[in-house]
Amino acid sequence: TGIQVTSARRRFNIGIMADADAIAAQASSLFVDEAFPEALQKYNEAIAAKPTSAVLHVQRAATHLKLESYTDALVDANRALELDPSHAKAYLHKGKAAFALEEFATAKAAFQAGGKLEPTNPQFGTWTRKCEVELQDEEMEENQADSNTAPPAAPVPAPEVPKPEPPKFRHEWYQTPQKVTVEVFARKMPAEAVHVQFAEDSLVVMIDEPNAYTLSVPLFGPVLPEQCKYQVLTSKVEVVLQKATAVQWKGLESTGKKIDAPQPLNFSSVEMVSRPPYPTSKTAKSPVDWDKLEQELNEEEKEEKLEGDAALNKLFKDIYKNADEETRRAMNKSFAESNGTVLSTNWSDVGSKTVEGSAPTGMEMKKYEQ
């Protein structure tokens, strides 16, 4: 009858939701273990079973951010906000993705909206200030470009009119123990107009007409050309050079003198060396120390309290890590045999029997034939 069909369909939907929650728990555990590609695959499966879950879209957006898939992260964050406009973390992930894509106005609006929902979360204020600096830098560069536009020259009887000098783009550089990054601040350049040549002891960056520009640098130390790379962004051309040896360069350009065997650097591989404050306009009142800001953000993320499945998985991991061998066997056996619904630490209880699954209140276990 119609009532029986409706009841069967309801039980089927409840079974699917239970499966989605179990898959999401596996994805959260993989995320905590920093197995981000595997976590993404599980989140895809969970969302396919439960597509209207804002929480799952937020968690998949966080995974995309870890994988640097910023466009996908932005799509998931927007979908989460459609499902739940009051989800603060969705705004946080949307802002981070938009910032990475250099959509600073969009990022700022997202951080401000999230800050209204969670006024005590310091990340929203920090990221909002970061967006404001970027937007200010864009505005000042645009104003400078407009002021450099010369008015039409009046006709003169001179036989030759000197050609206007091509625009010059400023560049900055900084280094880590293994790499040197050179940034040429040429805005909105088409990728096909930018050409970069790497050699063991030199770097050449060329930009085609009408913005003819060449940066030719004899390098301070040798690099590995096959491991060097560059990318053309909206606000700059970023070149990353791979050092042949992990030594500190005293400058970007060679001094022309033979360098006696330099000593390897004595600091962490992730520590930035000789990195200037982020190259915003030199007329700004005070430069922003992005190294300090990045450290503050990392500390905030470490101190951020885990919620939901992520917090529960971390608790289980801590128990497993500090348990003896018999307790670990009990946990593995009970979790596997119950399809992820039971977790026991008592081997004497579960060692001699098959652990049956236990559905949450209001749900029932479903078995599917292969």
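Residues numbered from 1 in each chain as written. Predicted model: local features only at pLDDT ≥ 70, side-chain atom pairs only at ≥ 80, totals over all residues. Heavy atoms only, no water.

Caption draft 1: Just the sheet that holds strand β4 (residues 202–207), in detail. In space, the three strands of this open sheet follow the order β3-β4-β5, with antiparallel pairing throughout. Only two strands of the sheet have a single neighbouring strand rather than two, namely β3 (194–199) and β5 (213–218). Here the average twist between neighbouring strands, direction ignored, is 5 degrees. The pairing of β3 with β4 spans six bridges and is classified as antiparallel. Looking across to β4, one finds that Val-196 is bridged to Val-205. (Pairing = 2+ DSSP bridges. Helix = DSSP H or I, 4+ residues; strand = E, 2+ residues; numbered from the N terminus. Axes fitted to C-alpha atoms, helices over the stretch in contact; angles between N-to-C directions.)

Caption draft 2: Molecular detail of the packing of helix α4 (residues 70–83) against helix α5 (residues 88–100). It is the contact of α4 with α5, at a shortest axis distance of 8 Å, that shows an interaxial angle of 150 degrees. Between α4 and α5, the crossing angle belongs to the class labelled roughly antiparallel. In this structure, α4 meets α5 at a crossing whose hand is left-handed. Seen from α4, the contacting residues are Tyr-70, Ala-73, Leu-74, Ala-77, Asn-78, Ala-80 and Leu-81; seen from α5, they are Ala-90, Tyr-91, His-93, Lys-94, Ala-97, Ala-98 and Ala-100. A class-by-class count of the residues in the contact of α4 with α5 yields 11 nonpolar, two polar and one charged. (Parallel < 35°, antiparallel > 145°, perpendicular 65-115°, else oblique. Left-handed = near helix turned anticlockwise from the far one by under 90°. Contact = heavy atoms within 4.5 Å. Nonpolar A, V, L, I, M, F, W, Y, C, P; charged D, E, K, R; others polar.)

Caption draft 3: Up close: the pairing of β5. Only one face of β5 is covered, namely the one carrying Tyr-213, Leu-215 and Val-217; the face carrying Thr-214, Ser-216 and Pro-218 has none of its residues buried. Hairpin connection, β4 to β5: the antiparallel pair is bridged by five residues. (Buried < 20%, exposed > 50% of the residue type's maximum accessible area, 1.4 Å probe, protein only.)

Caption draft 4: Spatial organisation of unusual backbone geometry. Within the chain, Glu-34 stands out as a residue other than glycine whose phi angle is a positive 65 degrees. Among the secondary structure elements, Glu-34 is positioned in the loop between α1 (2–32) and α2 (36–49).

Caption draft 5: Summary view of the nonpolar core. By size, the foremost hydrophobic cluster in this structure holds 25 residues, and its most contacted members are Val-182, Leu-203, Leu-219, Leu-241, Trp-249 and Leu-252. When neighbours within four sequence positions are excluded, Leu-252 is seen to be in contact with His-171, Trp-173, Val-180, Val-182, Val-217, Pro-218, Leu-219 and Phe-220. With 10 residues, the next largest nonpolar core counts Ala-88, Ala-98, Phe-99 and Trp-127 among its residues. (Core = buried A, V, L, I, M, F, W, Y, C linked by side-chain atoms within 4.5 Å.)

Caption draft 6: Fine view of α4. For α4, spanning 14 residues, the distance from its first C-alpha to its last is 20 Å, which sits close to the expected 20 Å at 1.5 Å a residue. Considered for burial, the residues of α4 that qualify are Ala-73, Asp-76, Ala-77, Ala-80 and Leu-81. End-on view of α4: buried residues confined to an arc of 140 degrees, all on one side of the axis. Turned more than 90 degrees from where α4 packs its buried face, Val-75 and Glu-82 sit exposed. The elements touched by buried residues of α4 are α3 (54–66) and α5. (Expected span 1.5 Å × (residues − 1). Arc of directions from axis to C-beta.)

Caption draft 7: Structural detail: the side chain of His-93. In this structure, His-93 sits in helix α5. For His-93, a relative accessible area of 11% gives the class buried. When neighbours within four sequence positions are excluded, His-93 is seen to be in contact with Val-58, Ala-61, Ala-62, Leu-65 and Ala-77.

Caption draft 8: Region of interest: the packing of α3 against α4. Contact pair α3 / α4: the axes reach a minimum separation of 8 Å and the direction vectors enclose 165 degrees. On the basis of the axis angle, α3 is roughly antiparallel to α4. Regarding α3 and α4, the two cross each other, and that crossing is left-handed. Facing α3, whose interface residues are Ala-54, His-57, Val-58, Arg-60, Ala-61, His-64 and Leu-65, α4 presents Tyr-70, Asp-72, Ala-73, Asp-76, Ala-77, Arg-79, Ala-80 and Leu-83. Class assignment of the residues belonging to the contact of α3 with α4 gives a composition of nine nonpolar, two polar and four charged.

Caption draft 9: Quick look at the sheet that holds strand β7 (residues 237–242). Across the sheet, four strands lie side by side as β1-β2-β7-β6; this open sheet has antiparallel pairing. The sheet is open, and its two borders are formed by β1 (171–175) and β6 (229–232), each paired with just one other strand. Taken pair by pair, the neighbouring strands of this sheet meet at an average axis angle of 15 degrees, ignoring direction. As paired strands, β6 and β7 are joined by four bridges and run antiparallel to one another. Paired with Lys-229 across the bridge in β7 is Val-240.

Caption draft 10: Representation of the environment of Val-32. Mapped onto the secondary structure, Val-32 falls in helix α1. Judged by its relative accessible area of 27%, Val-32 falls in the partly exposed class. Linking Val-32 and Lys-314, residues 282 residues apart in sequence, is a C-alpha distance of 7.3 Å.

Caption draft 11: Representation of the environment of Ser-29 within the structure. Tracing the backbone shows Ser-29 in helix α1. Here the alpha-carbon distance between Ser-29 and Lys-317, two residues 288 residues apart in the chain, equals 8.6 Å.

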